[in-house]
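# Close look at the chain arrangement
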Amino acid sequence: MRPWEKAIRSVVPYVPGEQPSGDRIIKLNTNENPYPPAPGVQKALREMDGEQFRKYPDPAANVLVDALSDYYQLQKNRIFVGVGSDDVLAMAFLTFFNSGKPILFPDVTYSFYPVWAELFGIPYEAVPVDGDFHIRPRDYRKDNGGVIFPNPNAPTGICLGLDQVEEIIKANEDVVVIVDEAYIDFGGESARSLIDCYDNLLVVQTFSKSRSMAGMRIGYAMGSETLIRSLSNVKYSYNSYTLNQPSLILGAEAVKDREYFERTTAAVVHTREKAKLRLRELGFTCTDSSTNFVFITHEKVPAQEIFEALRKEQIYVRYFAAPRLKNYLRVTIGTDEDMEAMYRFLESYLK
Ligand code: PMP
């Protein structure tokens, strides 16, 4: 090893889902929305003048924060925005989990959490979900350095009721509790309604799923003034200009169209409920997902085999080789047409 190599940090990175390209592929592997962004977003994009890119974007992201503030009727100093919720979550780990005590998150959950914990040197404990993949709030009643969990959880899709979320927060008033609501718009009740009651609660959401803008990279957090100020201070100590100018403008446009948002999320939910029925008929067991994906296992055929067979047909779903997940597939809800193509293939393949 050359001397300079000894100073290189070695990490085990998070592995994102594949982004295959081609006309004939059916892409159900990274929980993107099958519908396009709101028409106002497309219009603003067409009218965008490149001259404005000469200057730095507004570091405070005011147009976007204003739009979110109007939408949620929440003061601007209680909203923090970032480059996708991954950026917001990473910043939150860096800002809030510094006690030296282990933070808690479920063992079956978003696989980025342990990666950030390792990267930032944060000790952690993965708390097992029960045999049916449910998070048990009583397991979060112990000394810790902070708590984070997605609600609904990923990749299981299972949602805790707001009372159960509150039970976890109540048991952890001395640390910061982060509820990652990447999928909340497809089912379940947001913990946003609790941020006035608990100063230590941070609720994180994203434009990547319900607002069809994964490619724009926009995420945000809502919480007390103190939490938001602390996040901003860390952000300004790291990179002042996180969101680029098109993301600021197009993100603000997306938030304005409530009707389109409600219509497209309802369409995804409708297709998801149909998917649960169709997949059960094909011999799969599904969790009761409240998200834009289903989490399934087949009674006879191993998940990895189904995954590979689908892939040969250019139908991409997500397979996780992790101990508790290795016989499951996570299938993003696509258009009705894409889903029908998948059922047709599965029907003949599983025969
Ligand atoms: N949280 C969860 C639970 C997720 O599944 C994802 C998507 N990979 C994210 C956060 C991050 O999404 P984004 O950075 O696109 O907002």
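The structure this text deals with has already been given above.
So, here is what we can say about the structure in this document. Every value quoted in this text rests on a predicted model; they were computed, and no experiment measured them. (Residues numbered from 1 in each chain as written. Predicted model: local features only at pLDDT ≥ 70, side-chain atom pairs only at ≥ 80, totals over all residues. Heavy atoms only, no water.)

### Let's talk about the site of the ligand
Which entries qualify depends on this criterion: Note on definitions. A residue lies near a molecule or strand when any single heavy atom of the residue is within 4 Å of it. N or O atoms within 3.5 Å of each other form a polar contact, as long as, within protein, one can give a hydrogen and the other can take it, and as long as residues adjacent in sequence are counted only when both atoms are side-chain atoms. Residue-level accessible areas treat just the shown protein chains as cover; the underlying method is Shrake-Rupley with a 1.4 Å probe. A cavity here means a set of points on a 1 Å grid, drawn over the protein atoms and nothing else, where a 1.4 Å probe fits but cannot get out; a pocket is an open set with protein on both sides within 12 Å along at least five of seven lines, and a residue lines either one if it has an atom within 4 Å of a point. Molecules are considered to sit inside a cavity or pocket once more than half of their atoms lie within 2 Å of its grid points.
Taken together, the neighbourhood of the ligand is formed by Gly84, Ser85, Asp86, Leu89, Tyr110, Asp180, Ala182, Tyr183, Thr206, Ser208, Lys209 and Arg217. At 2.7 Å from an oxygen atom of the ligand is found a side-chain nitrogen or oxygen belonging to Tyr183. Between the ligand and Thr206 there is a distance of 2.6 Å, counted from an oxygen atom to a side-chain nitrogen or oxygen. Burial of the ligand by the surrounding chains reaches 91%, relative to a free accessible area of 400 Å². A majority-of-atoms criterion places the ligand in the largest pocket.

### Details of the nonpolar core
Going by this rule: For our purposes a nonpolar core is just a set of buried Ala, Val, Leu, Ile, Met, Phe, Trp, Tyr and Cys residues, chained together by side-chain atoms within 4.5 Å. Between buried and exposed lies partly exposed: a residue is buried under 20% and exposed over 50% of the maximum accessible area for its type, with that area taken using a 1.4 Å probe on protein chains only. Only runs of H or I of at least four residues qualify as helices and only runs of E of at least two qualify as strands under DSSP, and these elements are numbered from the N terminus. For this analysis, residues touch if any pair of their heavy atoms sits within 4.5 Å.
Core analysis: the largest hydrophobic core is formed by 54 residues, its most contacted members being Leu68, Val81, Phe149, Leu201 and Phe207. Here the element with the most residues in this core is helix α2 (residues 62–72); it accounts for 6 residues. Among residues more than four places away in sequence, those in contact with Val81 are Ala61, Leu64, Val65, Leu68, Val88, Gly219, Tyr220, Thr242 and Leu243. Within the second largest apolar cluster, 29 residues are counted, among which are Leu282, Phe284, Ile333 and Leu346.

### Comments concerning the packing of aromatic side chains
The condition is simple: Stacked, tilted and edge-to-face pairs are distinguished by plane angle, under 30 degrees for stacked and over 60 for edge-to-face with tilted covering the rest, among Phe, Tyr and Trp rings (Trp via its six-membered ring) whose centres lie within 6.5 Å.
Applying the stated criterion across every chain, the model contains 23 aromatic pairs. Note on Tyr14 and Tyr110: the rings are 5.7 Å apart at their centroids and 75 degrees apart in plane angle, and the pair reads as edge-to-face. With Tyr14 in the segment before β1 (26–27) and Tyr110 in the loop between β3 (103–106) and α4 (112–120), this residue pair connects regions lying 96 residues apart in the sequence. The structure contains a cluster of three or more aromatic residues connected by ring pairs, namely Tyr14, Phe93, Phe97, Phe105, Tyr110, Phe112, Tyr113, Trp116 and Tyr124.

### Notes on the pattern of salt bridges
Applicable threshold: Within this document, salt bridges are pairs made up of a side-chain nitrogen of Lys or Arg and a carboxyl oxygen of Asp or Glu, the two lying within 4 Å of each other.
Taken as a whole, this structure holds 21 salt bridges when the rule is applied. Of the charged contacts, one joins Asp196 and Arg78 as a salt bridge, the two residues approaching to 2.7 Å between their closest N and O atoms. Residue Asp196 is found in the loop between β6 (177–180) and β7 (201–206), and its partner Arg78 is found in the loop between α2 and β2 (79–82); the two are separated by 118 residues along the sequence. Among the residues examined, Arg78 registers a relative accessible area of 10% and is labelled buried. Here Arg324 and Asp107 are joined by a salt bridge, their closest N and O atoms 2.9 Å apart. Here Arg324, found in the loop between β12 (318–319) and β13 (329–332), pairs with Asp107, found in the loop between β3 and α4; they are 217 residues apart in sequence, far enough to count as distant. You can call Arg324 partly exposed: its relative accessible area is 32%.

### Considerations on the pairing of β13
Defined as follows: When DSSP finds at least two bridges between two strands, those strands are taken to pair.
The alternating pattern of β13 places Leu329 and Val331 and Arg330 and Thr332 on opposite faces, both of which are buried. Two elements, strand β10 (residues 293–298) and β13, share 4 bridges in a ladder whose sense is antiparallel. Residue pairing in the sheet places Phe295 in a bridge with Arg330 of β13.

### Observations concerning the layout of surface pockets
Applicable threshold: Grid points are joined across faces, edges and corners, and a volume is the space filled by probe spheres set on the points. Amino acids are sorted into nonpolar (Ala, Val, Leu, Ile, Met, Phe, Trp, Tyr, Cys and Pro), charged (Asp, Glu, Lys and Arg) and polar (every other residue, Gly among them).
Reported here for the largest pocket is a volume of approximately 1,000 Å³. Along the walls of the largest pocket sit 43 residues, with Tyr14, Tyr110, Ser111, Arg318 and Arg330 positioned nearest its centre. Listed by contribution, the elements that provide at least two residues to the lining of the largest pocket are α3 (84–96), β3 and α4. When grouped by side-chain class, the residues that make up the lining of the largest pocket number 24 nonpolar, 10 polar and 9 charged.

### Side note on the packing of α3 against helix α6 (residues 225–236)
The line we're drawing: To define axes, lines are fitted to C-alpha atoms, for helices over the stretch in contact only, and angles between the resulting N-to-C directions are given on a 0 to 180 degree scale. Each angle is binned into one of four classes, with values under 35 degrees roughly parallel, values over 145 roughly antiparallel, values of 65 to 115 roughly perpendicular, and all other values oblique.
Axis separation between α3 and α6 bottoms out at 9 Å; the angle between their running directions is 100 degrees. Here α6 runs roughly perpendicular to α3, going by the angle between their axes. On α6, the residues that touch Met91, Ala92, Leu94, Thr95 and Phe96 of α3 are Leu227, Ser230, Leu231, Val234 and Lys235. Residue composition of the contact of α3 with α6, by class: 7 nonpolar, 2 polar and 1 charged.

### Remarks on unusual backbone geometry
Geometrically, the link from Asn151 to Pro152 is a cis peptide bond, its omega value of -5 degrees lying close to zero. In this structure, Pro152 sits in the loop between β5 (147–150) and α5 (162–170). The linkage connecting Ala154 with the following residue, Pro155, adopts the cis geometry, with an omega of 5 degrees. Of note, Pro155 is situated in the loop between β5 and α5. Here Gln73, not a glycine, exhibits a phi torsion of approximately 55 degrees, which is positive. Structurally, the position occupied by Gln73 is in the loop between α2 and β2. In this structure, Gln314 is a non-glycine residue whose phi angle is positive, near 70 degrees. Topologically, Gln314 is positioned in the loop between α9 (303–312) and β11 (315–316). In this structure Gln314 comes out as partly exposed when scored by relative accessible area, which is 27%.

### Considerations on the sheet that holds β12
Strand pairing within a sheet occurs via backbone hydrogen bonds; the two strands may be parallel or antiparallel. What the 4 strands build is an open sheet, ordered β9-β10-β13-β12; its pairing is antiparallel. Strands with a single pairing partner mark the edges of an open sheet, and in this sheet they are β9 (284–286) and β12.

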